[in-house]
Amino acid sequence: MKFGGTSMAGIERIRSVAARVKREVNAGNQVAVVVSAMAGETDRLVGFCREASSLYDAREYDVVVASGEQVTSGLLALALQSIGVPARSWLGWQLPIRTNDAHASARIQDIDTAALDAALASGEVAVIPGFQGVSDNDRISTLGRGGSDTSAVAIAAAMKADRCDIYTDVDGVYTTDPRIVPRARKLKRVTYEEMLELASVGAKVLQTRSVGLAMKTGVRIQVLSSFDDPNDGATADTLPGTMIVGDDEIGDDMERQLITGIAHDKNEAKITLTDVPDKPGAVARIFSPLAAININVDMIIQNIAHSTGSTDVTFTVPQAELSRALDVLEKSRGEIGYGTLVHDTKVAKISVVGVGMRSHAGVASTMFTALADRGINIQAISTSEIKVSVLIEEDYTELAVRVLHTAYGLDAEEGA
C-alpha cells in the first residue's frame, strides 16, 4: 500500500490511513506500507536547501529532503500501534534499499527483503519511507520528485507482492481529466504501455518511472482513492479503482475501445531556429548541445527547404528547461549557423493514447479533422505505436480535450 502526500497531510489523515491499513490486516493480508512526506513538506525542505546554498551539495540535499518521509513513516507506525496493529518503520538504509550514487535522482539497484519478510511473517506491518535509499558510498540518497511511487513498485517487486495499491487523491484512471470533461469515464483496467504513455504526456495519476518499473517487473498496480471512508468495511479487493496490468491479463476483457485516454500538458515550450543550413549534420549540431546538458527534446519538425539552401527547424522542450535551452543554443549559434531563434511558451500538447491504434486505421485522421472543424491549428505532431500527440495554442487546450473526447466516443452516458 502506498500513500501520497495529500493522504499523509496531518495527524487526522494519518489516522485515516492507519484505519485503512488495519482493514487490510484484518482481512488476513500481510501488508507493507510506503509513505510520502506530508503535502508541501518536500517543497519546504527544498526551499531550505536553496536558502542555505544556491550551489548545494546534492548529498547533503538528500539528507535534508529525505527527512519528510522519515517523519510520516514514524507517525504512521505510531498511529497503527495506537489502534492495536503491530508496526514498525524501516528507513531506506535499514532494509537496505540500495541505489546508485546519482544523488537527488538516484535509481534503485537492489532491495534486501530478508528483514522485511521476517517482519511480515510475524504479523507486523512494515512502514517504509518512499523516495529514499542508501547509495554505494553509504550516504542517504533520494530518487527525485515523485519517487515514492517508484519506491512502492520496487518494494512490491522485491517482495513478490500480489499487488501494489497506490492511494491518491483520485479514485482511478479516467479517459481524461474529469475537471475538463465531466463525462469522462473511469477505466477498470489499463495496460502498462497505455499508462506509461499517458503518464509521459501529462496524466498526473502515476509517476512515469514507477509505471516503467511495474511493466519491467510485472507488478500489478491498483490506483485507489485515499479519501473514501476507511471504516466502511470494504477491502481494496472490492474497491472500484483502476488496475494497471499486462496486455495479456486484459485480453478481451476491457472496454476495449480504440482510444483509452486523452491527456494534455501545458508545460511545453516551442523553439524555432530559422535559416538553418540545409545540409547533412546541420540538425545534429542543433540537438547535440541540448543532449550534452540533458535537455529532453520532444516534438521535432524540419520545415520545407528555402530557395536559399536553408530550412527552419521547430522543436519542443519542457518549459522548465527553456532558459537553459536558449542559453546553449545562443552559445552554439556560430557552429549551428541559424538565422534567428524564436520561442513560445503559450502552447500545449494534446495526446490520444490507446493500444487499439495498432489494429485500426484513421486514428490520426479523426484527431486532425475534429480539431480542424473547431478552428484549432496544429503546430507540430509526434507519434508512437499507440499514441498521437499534437501541439496547439494553449488557449484551446480545454476545447481540444472536450472535442476529442467526444470524437472518439469516450463520453459517459448521462447519469453514468
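A brief structural summary. Every value quoted in this text rests on a predicted model; they were computed, and no experiment measured them.

The rules behind the values
- Residues numbered from 1 in each chain as written.
- Predicted model: local features only at pLDDT ≥ 70, side-chain atom pairs only at ≥ 80, totals over all residues.
- Heavy atoms only, no water.
- Core = buried A, V, L, I, M, F, W, Y, C linked by side-chain atoms within 4.5 Å.
- Buried < 20%, exposed > 50% of the residue type's maximum accessible area, 1.4 Å probe, protein only.
- Helix = DSSP H or I, 4+ residues; strand = E, 2+ residues; numbered from the N terminus.
- Contact = heavy atoms within 4.5 Å.
- Polar contact = N/O pair within 3.5 Å; in protein donor to acceptor, adjacent residues only side chain to side chain.
- Pairing = 2+ DSSP bridges.
- Axes fitted to C-alpha atoms, helices over the stretch in contact; angles between N-to-C directions.
- Expected span 1.5 Å × (residues − 1).
- Arc of directions from axis to C-beta.
- Salt bridge = Lys/Arg side-chain N within 4 Å of Asp/Glu carboxyl O.
- Phe/Tyr/Trp six-rings, centres within 6.5 Å; stacked < 30°, edge-to-face > 60°.
- Lys NZ or Arg CZ within 6 Å of the ring centre and 35° of its normal.
- Left-handed = near helix turned anticlockwise from the far one by under 90°.
- Nonpolar A, V, L, I, M, F, W, Y, C, P; charged D, E, K, R; others polar.

Another aspect to go through is the nonpolar core. The biggest cluster of nonpolar side chains holds 36 residues, and the ones touching the most others in it are I128, I155, V173, M195, L206, I221 and I244. Elements with a contribution of two residues or more to this core: β2 (32-35), α5 (114-121), β6 (125-129), α6 (147-159), β9 (164-168), α7 (192-200), α8 (208-217) and β11 (221-225). Ranked by residues supplied to this core, first place goes to α6 with six residues. Not counting residues within four places of it along the chain, the set of residues in contact with I128 comprises V33, V34, V35, S73, W90, L95, I97, L116 and I155. Among the nonpolar cores identified, the runner-up in size contains 22 residues, and I180, V181, I259 and V401 belong to it.

The next subject is the side chain of T272. Take T272: it is sitting in strand β14 (residues 268-277). At 3.0 Å, the side chain of T272 forms a polar contact with the side chain of T314. In this view, T272 contacts V313, T314, T340, L341 and V342; residues no more than four positions away in its chain are not counted.

Once that is clear, we can look at the sheet that holds strand β16 (residues 310-318). Pairing within the open sheet is antiparallel, and its four strands lie in the order β15-β16-β14-β17. The open sheet has two free edges, formed respectively by β15 (300-302) and β17 (341-344), since each of these has just one partner strand. Put simply, the sheet's adjacent strands are angled 15 degrees from each other on average, direction ignored. Contacts from helix α10 (residues 282-292) reach β14, β15 and β16, with the element oriented near 20 degrees to β16. The strands touched by helix α11 (residues 322-331) are β14, β16 and β17; relative to β14, the strand with the most contacts, the crossing angle is about 15 degrees.

Turning to helix α2 (residues 41-52), a few remarks are in order. Between its first and last C-alpha atoms α2 spans 17 Å; for 12 residues at 1.5 Å apiece the expected length is 16 Å, and the two agree. Of the positions making up α2, those classed as buried are T42, L45, V46 and C49. Angularly, the buried residues of α2 cover 100 degrees about the axis, an arc narrow enough to put them on a single face. Considering only its buried residues, α2 is in contact with α3 (58-65) and α4 (67-82).

On to the sheet that holds β11, then. If you trace the eight strands from one edge of the open sheet to the other, you get β3-β6-β2-β1-β9-β11-β12-β10, paired in mixed fashion. Each edge of the open sheet carries a strand with a single partner, namely β3 (87-89) and β10 (189-191). With four bridges joining them, β2 and β6 adopt parallel strand pairing. Note that in β6 the partner of V33 across the bridge is V127. The sheet contacts of α4 involve β2, β3 and β6, and relative to β6 the element is tilted by about 160 degrees.

Before going further, it helps to spend a moment on the pattern of salt bridges. Under the defined criterion, the tally for this structure stands at 19 salt bridges. The closest approach of N and O atoms between D165 and R163, which form a salt bridge, is 2.6 Å. The partner of E398 in a salt bridge is K266, with the nearest N and O atoms 3.0 Å apart. One end of the pair, E398, is in helix α14 (residues 397-407); the other, K266, is in the loop between β13 (261-265) and β14, and 132 residues separate them in sequence. Because the salt bridges share partners, they merge into one network encompassing E193, R358 and E385.

On to the packing of aromatic side chains, then. What characterises a pair of aromatic rings is the spacing of the ring centres plus the angle enclosed by the ring planes. This model, assessed by the stated rule, comprises three aromatic pairs. Considering the side-chain rings of F3 and Y167, the 4.6 Å spacing of their centres and the 15 degrees angle between planes classify their relative orientation as stacked. You can see F3 sitting in strand β1 (residues 2-3) and its partner Y167 sitting in strand β9, a full 164 residues away along the chain. Ring centres of Y56 and Y61 lie 5.0 Å apart, and the angle between their planes is 10 degrees; this geometry places the pair in the stacked category. Accessibility expressed as a relative area gives 10% for Y61, which makes it buried. Geometry around W90 places R88 over its ring, the cationic atom sitting 3.5 Å from the centre.

Turning to the packing of α2 against α3, a few remarks are in order. Contact pair α2 / α3: the axes reach a minimum separation of 9 Å and the direction vectors enclose 145 degrees. Regarding α2 and α3, the two cross each other, and that crossing is right-handed. Seen from α2, the contacting residues are L45, V46 and C49; seen from α3, they are Y61, V64 and V65. For the contact of α2 with α3, a count of residues per class yields six nonpolar, no polar and no charged.

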